[in-house]
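# Survey of secondary and tertiary structure
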4 protein chains.
Amino acid sequence: MPNITLDEAERVVQAAKAKAMEMGVKLSISVVDARGDLICMVRMDGAPWRTPYVSRGKARAAACFGVPSNDLTERALQPVFRAVMEVEKGEFVPGQGALPIFKDGELIGACGGSGGTAQEDEDAARAGIEAL
Amino acid sequence: MPNITLDEAERVVQAAKAKAMEMGVKLSISVVDARGDLICMVRMDGAPWRTPYVSRGKARAAACFGVPSNDLTERALQPVFRAVMEVEKGEFVPGQGALPIFKDGELIGACGGSGGTAQEDEDAARAGIEAL
Amino acid sequence: MPNITLDEAERVVQAAKAKAMEMGVKLSISVVDARGDLICMVRMDGAPWRTPYVSRGKARAAACFGVPSNDLTERALQPVFRAVMEVEKGEFVPGQGALPIFKDGELIGACGGSGGTAQEDEDAARAGIEAL
Amino acid sequence: MPNITLDEAERVVQAAKAKAMEMGVKLSISVVDARGDLICMVRMDGAPWRTPYVSRGKARAAACFGVPSNDLTERALQPVFRAVMEVEKGEFVPGQGALPIFKDGELIGACGGSGGTAQEDEDAARAGIEAL
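### Points about the overall build of chain A
Within chain A, the secondary structure is distributed over four helices and four strands. From first element to last, N terminus to C terminus, chain A shows the α and β order α-β-β-α-α-β-β-α. Its C-alpha atoms give chain A a radius of gyration of 13 Å, near enough to 14 Å, the size a compact globule of 132 residues would have. Principal axes of the C-alpha set define a box for chain A whose edges measure 40 × 35 × 20 Å. For chain A, contacts bridging at least 24 residues in sequence account for 63% of all contacts bridging at least 6.

Have a look at this one:
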């Protein structure tokens, strides 16, 4: 399984943080690997305590399906999604704010944000990934 | 992070209790700090055993988002809210009955009620906070 | 089931708080009814966030068996106690710091402390109960 | 409650990471605030997927008691610690590898490592904190 490196993940997080500062929002930003496991996370000063795990859960959902987590929201009440959410105990959040990361066409991880509007969370993630 | 003191929290709880007596309802009333952790709780004689933790969970939700818990109800089935409820294991209740507490514009805690109608729960919390 | 009233529980908590201040320790103090359900709790300024639920769990254990929670510590690794702790999910703490409350020979509740040494927790609970 | 800033937490994490590289071990390193909530985490390339949450749980334990998490290990089977571990659902790890962070005598957070020996985990955390 190809995976994003910590160096790359830190660049993503720093660029997403810069975008959040530019937008004037206080976010947590998580990068996970292709398996959905956490590599790197920052919580900006003033971002609520829930945002680290929410950003992580969105990123895991995006990595798990290889699509923007927003694409999963419609299905969030379907039995399969409810089962995955139950098994993952809050570590799988099929809501807008995370995007998968690809390299040479292969999934290598995902980046998710939490603390702004769902659109701002996603915009920060996108800016982070574009910095790669 | 500024926090309500125990002295202040006890005044809130006593005033909310007085309001509940005036309304003729038997409530539990919880005050949490800005992080959502419990500071002070009373359960009036005859209020059911579930009401301490329900009032606490509403107060935590109000503190977590800095808004009346009633404002969160519509979003309670969204993925992010379901994840937070799962992680918090019943300690996060996005239903009417709790209000955030601000001091000089900063969130310092929240007060929540349980045991009456949702509106009565919220009215008691409001009366408590106004006593500050 | 005879039960301590909220008025009585508040007197217990206030007297236990006064004792804690006299000892110079920052405690949470919980009073539960004969069923072990919470009636009243205060967390003194500076007492850690874990102390509300730890004091509550000790009080529940004391009420459940009608003995000082300290008397249960030796049995805490026995299968029955492990089962109760598992079912109660942290709301049953068979460790020193809580005492049962009796009235006319009948169990009416329990008071537990957390945040000091286990002995200080118990001393505060005792002072609270003696105020009844 | 005073809290470490993200800027400070990132300096701690980077210095702990440098120490881990010098020791030739692959760690996850977490910094939490005084409440025990995550601020910043990195997982070095090759560190196992369990290490982010183990390092976080050790850091939370150190912040919760304001002592090195190693000082808590002996008590880990006591009822209070079992209850806290149960309530915190794996987010509280009273094992060696994390140290509290103080500023002007006040607790502002904690740093924890996971992935090496418990001593290496703690050494990395110490090097991180000394960089402040």
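Structure's up, so let's keep going.
### Re helix H2 (residues 51-65) of chain A
Compared with the 21 Å implied by 1.5 Å per residue over 15 residues, the 21 Å span of H2(A) between its first and last C-alpha is a close match. Among the 15 residues that make up H2(A), 13 are buried, leaving the element largely enclosed by the rest of the structure.

### Overview of the packing of H2(A) against helix H3 (residues 79-88) of chain B
Close contact between H2(A) and H3(B) brings their axes to 10 Å; oriented N to C, the two are set at 120°. In terms of orientation, H2(A) and H3(B) fall into the oblique class. H2(A) and H3(B) meet at a crossing whose hand is right-handed. Listed contacts from H3(B) to A:Tyr53, A:Val54 and A:Lys58 of H2(A) are B:Val80, B:Val84, B:Val87 and B:Glu88. Classifying every residue of the contact of H2(A) with H3(B) by side-chain character gives five nonpolar, no polar and two charged.

### Quick look at the relation of the copies chain C and chain D
Two copies of the chain are present, and they differ by a rotation about an axis and a shift along that axis. Mapping chain C onto chain D calls for a rotation angle of 87° and an axial translation of 0.6 Å; the resulting RMSD is 0.1 Å. Here the symmetry operator amounts to a four-fold rotation axis. Measuring from the rotation axis to each C-alpha of chain C, the shortest distance belongs to C:Glu86, at 5.8 Å.

### Considerations on unusual backbone geometry
Residue and element names in this part refer to chain B. Its identity is not glycine, yet lysine 89 carries a phi of approximately 55°, on the positive side. With respect to the helices and strands, lysine 89 occurs in the loop between H3 and strand S3 (98-103). At aspartate 104, a position not held by glycine, the phi torsion is positive, near 50°. For aspartate 104, the location among the structural elements is in the loop between S3 and strand S4 (106-114). Overall, aspartate 104 belongs to the exposed group, its relative accessible area being 79%.

What counts, and at which threshold
Residues numbered from 1 in each chain as written. Chains lettered and ligands numbered in written order. Predicted model: local features only at pLDDT ≥ 70, side-chain atom pairs only at ≥ 80, totals over all residues. Heavy atoms only, no water. Helix = DSSP H or I, 4+ residues; strand = E, 2+ residues; numbered from the N terminus. Rg over C-alpha atoms; globule rule 2.2 N^0.38 Å. Contact = heavy atoms within 4.5 Å. Expected span 1.5 Å × (residues − 1). Buried < 20%, exposed > 50% of the residue type's maximum accessible area, 1.4 Å probe, protein only. Axes fitted to C-alpha atoms, helices over the stretch in contact; angles between N-to-C directions. Parallel < 35°, antiparallel > 145°, perpendicular 65-115°, else oblique. Left-handed = near helix turned anticlockwise from the far one by under 90°. Nonpolar A, V, L, I, M, F, W, Y, C, P; charged D, E, K, R; others polar. Least-squares fit on C-alpha atoms with pLDDT ≥ 70 in both.

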